[in-house]
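Understanding the architecture of this molecule
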Amino acid sequence: MTLAIIGGTVVTAGGTLDADVFVAGEKIVAVIAREINTPDFGRADETIDATGKYVIPGGIDAHTHMEMPFGGTSSVDTFETGTKAAAWGGTTTIIDFAVQAKGTGLLATLDKWHEKADGNCAIDYGFHMIVSDVNEATLKEMDACIGAGVTSFKMFMAYPGVFYATDGEILLAMQQAQRSGATIMMHAENGIAIDQLVAQALGAGRTDPVYHGLTRPPELEGEATGRAITLAKVAGCPLYIVHLSAAQALEAVAEARDTGQNVFAETCPQYLYLSLEDLARPDFEGAKFVCSPPLRTKDHSATLWRGLRTNDLSVVSTDHCPFCFKEQKELGRGDFAKIPNGIPGVEHRIDLLHQGVVAGEITLARWVEVCATTPARMFGLYPRKGAIVAGADADIVIYDPTARQTLSVATHHMNVDYSAYEGMEITGKVATTISRGRVVVADGEFKGARGEGTFLPRTLNQYLV
Ligand SMILES: [Zn+2]
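The structure presented is a predicted model; accordingly, all values stated were derived computationally and were not measured.

Some words on the overall build of the chain
Each helix and strand in the chain was counted, giving 13 helices and 20 strands. Relative to the compact-globule value of 23 Å for 465 residues, the chain shows a C-alpha radius of gyration of 21 Å, a close match. Structurally, the chain occupies a C-alpha span of about 70 × 50 × 40 Å along its principal axes. Taking all 465 residues of the chain together, 62% fall into the buried category.

Observations concerning helix H13 (residues 364-378)
An ideal rise of 1.5 Å per residue puts 21 Å on 15 residues; H13 measures up with 20 Å between its terminal C-alpha atoms. At valine 370, H13 is bent by approximately 50 degrees, the largest bend along its length. Looking at the residues trailing H13, positive phi occurs at glycine 380, about 70 degrees.

Comments concerning the layout of surface pockets
Rolled over the atoms, a probe sized like a water molecule indicates the empty space that remains. The computed volume of the largest pocket comes to approximately 590 Å³. If you go around the largest pocket, you meet 28 residues; those closest to its centre are Phe70, Gly71, Tyr159, Val162 and Ala337. Looking at the lining of the largest pocket, the elements with two or more residues in it are strand S8 (69-70), helix H2 (106-117) and helix H5 (191-203). At four residues, H5 tops the list of elements feeding residues into the lining of the largest pocket. The class makeup of the residues in the lining of the largest pocket is 16 nonpolar, seven polar and five charged. Taken together, 17 residues line the second largest pocket, and the ones lying closest to its centre are Trp88, Glu347, Gln405, His413 and Lys429. For the lining of the second largest pocket, the elements supplying multiple residues, two or more each, are strand S17 (396-406) and strand S18 (425-435).

Quick notes on the packing of helix H12 (residues 349-358) against H13
Where H12 meets H13, the axes come as close as 9 Å, and the angle between the chain directions of the two elements is 150 degrees. Viewed along their axes, H12 and H13 adopt a mutual orientation that is roughly antiparallel. Between H12 and H13 the crossing geometry is right-handed. Side by side, H12 and H13 meet where Arg349, Ile350, Leu353, His354 and Val357 of the first sit next to Leu364, Trp367, Val370 and Cys371 of the second. Looking at side-chain class alone, the contact of H12 with H13 contains seven nonpolar, one polar and one charged residues.

Structural notes on the side chain of histidine 300
Along the polypeptide, histidine 300 turns up in helix H11 (residues 298-310). Aside from chain neighbours lying at most four places away, what touches histidine 300 is Pro218, Ser245, Ala246, Ala247 and Gln248.

Remarks on the state of the cysteines
Under the defined criterion, the tally for this structure stands at zero disulfides. For cysteine 237, which is in no disulfide, the shortest distance to another cysteine sulfur is to cysteine 145 and amounts to 16 Å. By relative accessible area, cysteine 237 is classed as buried at 4%. No disulfide involves cysteine 371; its nearest neighbouring cysteine sulfur is the one of cysteine 268, lying 12 Å away.

Notes on the sheet that holds strand S12 (residues 152-156)
Spatial ordering of the open sheet is given by S7-S10-S11-S12-S13-S14-S15-S16, a layout of eight strands whose pairing is parallel. With one partner strand each, in any of the chains shown, strand S7 (59-64) and strand S16 (315-316) form the two edges of the open sheet. Pairing between strand S14 (residues 239-241) and strand S15 (residues 263-267): three bridges, direction parallel. Note that in S15 the partner of isoleucine 241 across the bridge is alanine 265.

A word on the environment of lysine 27
Position of lysine 27 among the secondary structure elements: in strand S4 (residues 27-33). The spacing of lysine 27 and alanine 390 is 363 residues in sequence and 7.5 Å in space, taken between C-alpha atoms. In terms of polar contacts, lysine 27 uses its side chain to reach the side chain of aspartate 393, at 2.8 Å.

Structural notes on the coordination of the zinc ion
Protein coordination of the zinc ion is provided by His63 (NE2), His65 (NE2) and Asp319 (OD), with donor distances spanning 2.1 to 2.2 Å. Sequence spacing among the residues donating to the zinc ion works out to H-x1-H-x253-D.

Let's talk about empty space enclosed by the protein
Enumeration according to the criterion identifies two cavities of 30 Å³ or more in this entry. By volume, the largest cavity is sized at about 160 Å³. What lines the largest cavity is a set of 16 residues, among which His65, Tyr159, Ser292, Asp319 and Asn341 lie closest to the centre. In the lining of the largest cavity, the residues fall into seven nonpolar, seven polar and two charged. By volume, the second largest cavity is sized at about 40 Å³.

Focus: the packing of aromatic side chains
By the definition in use, this model includes 16 aromatic pairs. Where tyrosine 159 meets phenylalanine 163, the ring centres are 6.2 Å apart and the plane angle is 75 degrees; that geometry is what we call edge-to-face. Of the two residues, tyrosine 159 and phenylalanine 163, neither departs from the other in class, the shared state being buried. An angle of 45 degrees between the planes, with centres 6.0 Å apart, marks the rings of phenylalanine 284 and phenylalanine 325 as tilted. Note that phenylalanine 284 is positioned in the loop between helix H10 (276-279) and H11 and phenylalanine 325 in the loop between S16 and H12, a separation of 41 residues in sequence. For phenylalanine 284, a relative accessible area of 10% corresponds to the buried category. In this structure phenylalanine 325 comes out as buried when scored by relative accessible area, which is 16%. One aromatic cluster is present, formed by Phe70, Phe156, Tyr159, Phe163 and Phe323 through successive ring pairs. The ring of tryptophan 113 has lysine 116 lying over it, and the distance from NZ or CZ to the ring centre is 4.1 Å. For the cation-ring pair, lysine 154 lies above phenylalanine 97, with the distance from its terminal atom to the ring centre recorded as 4.4 Å.

About the cut-offs
- Residues numbered from 1 in each chain as written.
- Predicted model: local features only at pLDDT ≥ 70, side-chain atom pairs only at ≥ 80, totals over all residues.
- Heavy atoms only, no water.
- Helix = DSSP H or I, 4+ residues; strand = E, 2+ residues; numbered from the N terminus.
- Rg over C-alpha atoms; globule rule 2.2 N^0.38 Å.
- Buried < 20%, exposed > 50% of the residue type's maximum accessible area, 1.4 Å probe, protein only.
- Expected span 1.5 Å × (residues − 1).
- Bend = angle between axes of the 7 residues up to and from the residue.
- 1 Å grid on protein atoms, 1.4 Å probe; cavity = no way out; pocket = protein on both sides within 12 Å on 5 of 7 lines; lining within 4 Å.
- Points joined across faces, edges and corners; volume = space filled by probe spheres on them.
- Nonpolar A, V, L, I, M, F, W, Y, C, P; charged D, E, K, R; others polar.
- Axes fitted to C-alpha atoms, helices over the stretch in contact; angles between N-to-C directions.
- Parallel < 35°, antiparallel > 145°, perpendicular 65-115°, else oblique.
- Left-handed = near helix turned anticlockwise from the far one by under 90°.
- Contact = heavy atoms within 4.5 Å.
- Disulfide = S-S within 2.5 Å.
- Pairing = 2+ DSSP bridges.
- Polar contact = N/O pair within 3.5 Å; in protein donor to acceptor, adjacent residues only side chain to side chain.
- Donors = N, O, S within 2.8 Å, 3.2 Å for Na, K, Ca; no water.
- Phe/Tyr/Trp six-rings, centres within 6.5 Å; stacked < 30°, edge-to-face > 60°.
- Lys NZ or Arg CZ within 6 Å of the ring centre and 35° of its normal.

See below:
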């Protein structure tokens, strides 16, 4: 099976090129600049005319939670529905989180997540490992996980009693990561202090969703981020701050990077586009916007866009963790602390960041870099993923930069009963999504299938020397 994508503008992290892209089987075999040569590839089995459109590497969403247990319920996108929605939005790889339960080993956890995902994904997928039970066996199994293609480990300074790890436990895991070269990912919020603020608010009868935001002040994200950076420095391991939302945290990351420490950070579209005002929507609607860290005041968003330009923020992931408003978010009526944490977004990341190009916040090349190329390098998938080059997997998105669309629960494909971006108008839309040479979305139709995605064993962080 050969495929020719002709007439488009290839956009990579390196810039733009008027070029045709040729695919054989699952791989890109040639990228040919049109001004130099236009060979006759009329023999391709299929030709797609991409005139007037961008041809970009398929998106890599390095932070998703499909079918994740949380607070007695579970995120509603399965690996099937979530990966299909991702493909609709131009994402061809997800890296999801396997979650260690206390008392369970890491490899047993990984098996459990393979059972959930294998044979069910419509696009390729990998795993990070959430470490919530630090002991000698866990530390040893971290190395075995690397052998199984899981090279990054997430820990929590938040959620005491659930995922929370003490500074000592974090240090031990970081030392293990230093020895193996693995990356430690950190949810950096001071959960011990936050729990006190939450108890005080509830004690004073402040139960509305907005207090989820007000009891998790940005200072406590900044403090935890700085502490994680210090612990990583002492241990000598690479550190990746997930879902950075606050200017104070960005400042800590930028300072560490300036000293040459291997510290990286991602942000998410919700922190770029939504704010505390959404959390304060009346009639419990704010519950739709409960995630942690919480949405911040609008001034933080401007700082985050700047961080994306300066590369102190290297990646945009979604932290896709959908809970329905009915019956799930509603568990927290009368007690904001019981609202399941998470916002759906896996389908909209490429569009929302393209909107940043339209608004002049980032360049086209940077759009591709933060959505595909850097996540591929950060998590050991490059150049198989994240690149339009000969030899790469043919994960390609043909993007129409002039199409208009309105985001809505009525049209999205995520398995959740609301959109966090309801009514938002976007310039740009995915025309075609190709996953390892197979067209999975085209002409407004889903043409892929459950089970066509394969597990991606990953190497170590490729930014490390
Ligand atoms: Zn998350």
